[in-house]
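Each chain, written out:
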Amino acid sequence: MMYKSLFILGRQPAIGLAELESVLGGAHIQPLGDRAALSDIPANEIPFGRLGSSVRVGAIIGEMDAVQWPAVSRTLYKVFPSLLHEMPAEGKIKLGLSIFSLPIDSKQLFRTGLELKKLCKQAGRSVRLVPNSEPELNSASVLHNQLTGDLGIELLLVRGSNTTYVAHTTAVQDIDAYAARDQGRPKRDARVGMLPPKLAQTIVNLAAGPLESATAHTVLDPFCGTGVVLQEAAIMGYGLYGTDLEPRMVEYTQQNLAWLAGRGTTVMPHLEVGDATTHTWVPVPQAVACETYLGRPLSSWPNPDKLQEIINTCNVIIEKFMRNLASQTPSGTRCCLAVPAWKSPQGRIYHLSLLDRLSDLGYNQVSFEHVQAAELVYSRPDQIVGRELLVIIRK
Ligand SMILES: C[S@@+](CC[C@H](N)C(=O)[O-])C[C@H]1O[C@@H](n2cnc3c(N)ncnc32)[C@H](O)[C@@H]1O
């Protein structure tokens, strides 16, 4: 396959890969090393703002059968000048360098920066190099130094097993926009948890499936809480249907979506109070994206009996919900349910037992080409209760 674009995946690369497969189709994606992926779709055709679990996309400008820095840097110096020709004729260029999975020390990195500056000067351009404290720049640095702007260049060098790719970044994750959506909304509630907007976006993508085959979906969140999933679904252009057991939560969602509408997003939500284990949803949703009840928050690892009790309680509620949903939805309805999974201090993951009975409950689990389903557990290093992203289709 002729690869045209390169993605740098987020903190949990398996989740980033599953999202790319879901949106672009598995046949268009190939993992590269443990942090990146290649695609045959041109970078400028990627709807990058919709992706929650990739941090950069770039256009590939070079590929080499080399993984040692001296050989890699020689190719880099060959392809770099062509980028300069595409820049606006006037103005100081801002240049950054990010290197993934390649052995490079700080001296080599420094010398490479100097060499690239020299090439800029030879082309008659003044340049400012963004300093690296690590081989890779973080998203904040790329964003705030405007390296994806008209006068910016970030070079991405990513190693696979025997090959290295050079790309230049065309879009970076807009961490400021996510923070504004997260912290700006009027109603937040630490008790129901704080779902990060970028994870909500990924949940919606996993539920909606390939973009090219997506029709005008309405996304249902039957555990809508403060409405983070619906908020992201609205920004992505979906119709919204939200229900929650607690009237106060439905009110919070209403207020948060009204706030979003005030910022220019078209939002026409259908919201009602309902117990997800018994509610009848009318009209029947075309896709279901939610973070279910996660059980009580835990600050320390519970004893085995307590843990079993917590898991059982969640299992009963979520299983009842899934049976209720299956009784109403047609074959082919796709869902991404973020359900709880518990991570012990030794790193062992405890899953809901219903995961072993998905077929009896009326669902098939979606299989990804490049990711195992069990890898899709979102959790921060210090968290006990993680979120397992269960991607399923009504049989
Ligand atoms: C983990 S929170 C979801 C938070 C949500 N993602 C947000 O953006 O705030 C789970 C939600 O499920 C609701 N809930 C718990 N049991 C429920 C049930 N049986 N039916 C419907 N909602 C339920 C709670 O009220 C809570 O709002």
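The preceding data block contains the structure.
Below you will find a few notes about this structure. Quantities reported herein were computed from a predicted structural model and do not represent experimental measurements.

### Here's the deal with helix α7 (residues 228-235)
Now for step 1: Buried residues dominate α7, accounting for 8 of its 8 residues.
Now for step 2: All buried positions along α7 are accounted for by Val-228, Val-229, Leu-230, Gln-231, Glu-232, Ala-233, Ala-234 and Ile-235.
Now for step 3: Those residues of α7 that are buried lie in contact with α5 (175-184), α6 (197-208), β9 (218-221), β10 (239-244), α8 (247-262) and β12 (287-291).
Now for step 4: Of the residues trailing α7, Gly-237 is marked for its positive phi of about 95 degrees.

### Focus: the pairing of strand β11 (residues 270-273)
Now for step 1: Pairing between β10 and β11: 4 bridges, direction parallel. Looking at β11, one finds that Asp-244 is bridged to Val-273.

### Quick look at the site of the ligand
Now for step 1: Taken together, 21 residues are adjacent to the ligand, and Phe-223, Gly-225, Thr-226, Val-228 and Ala-276 come closest.
Now for step 2: For the shell around the ligand, the residue count by class is 12 nonpolar, 5 polar and 4 charged.

### Some points on the nonpolar core
Now for step 1: Counting residues in each nonpolar core, the largest one holds 104 residues, and the members touching the most others are Leu-6, Ile-203, Ala-207, Val-229, Ala-289, Cys-336 and Leu-389.
Now for step 2: The residue makeup of this core includes at least three contributed by each of domain 1 (5-173) and domain 2 (185-394).
Now for step 3: Setting aside anything within four residues of it in sequence, one finds Ala-289 in contact with Ile-203, Val-204, Ala-207, Val-219, Asp-221, Val-229, Ala-233 and Cys-336.

Conventions used here
Residues numbered from 1 in each chain as written. Predicted model: local features only at pLDDT ≥ 70, side-chain atom pairs only at ≥ 80, totals over all residues. Buried ≥ 20, exposed ≤ 12 C-beta atoms within 10 Å, placed from the backbone. Helix = DSSP H or I, 4+ residues; strand = E, 2+ residues; numbered from the N terminus. Contact = placed C-beta atoms within 7 Å. Pairing = 2+ DSSP bridges. Near = placed C-beta within 6 Å. Nonpolar A, V, L, I, M, F, W, Y, C, P; charged D, E, K, R; others polar. Core = buried A, V, L, I, M, F, W, Y, C linked by C-beta atoms within 7 Å. Domains from an automatic or database assignment.

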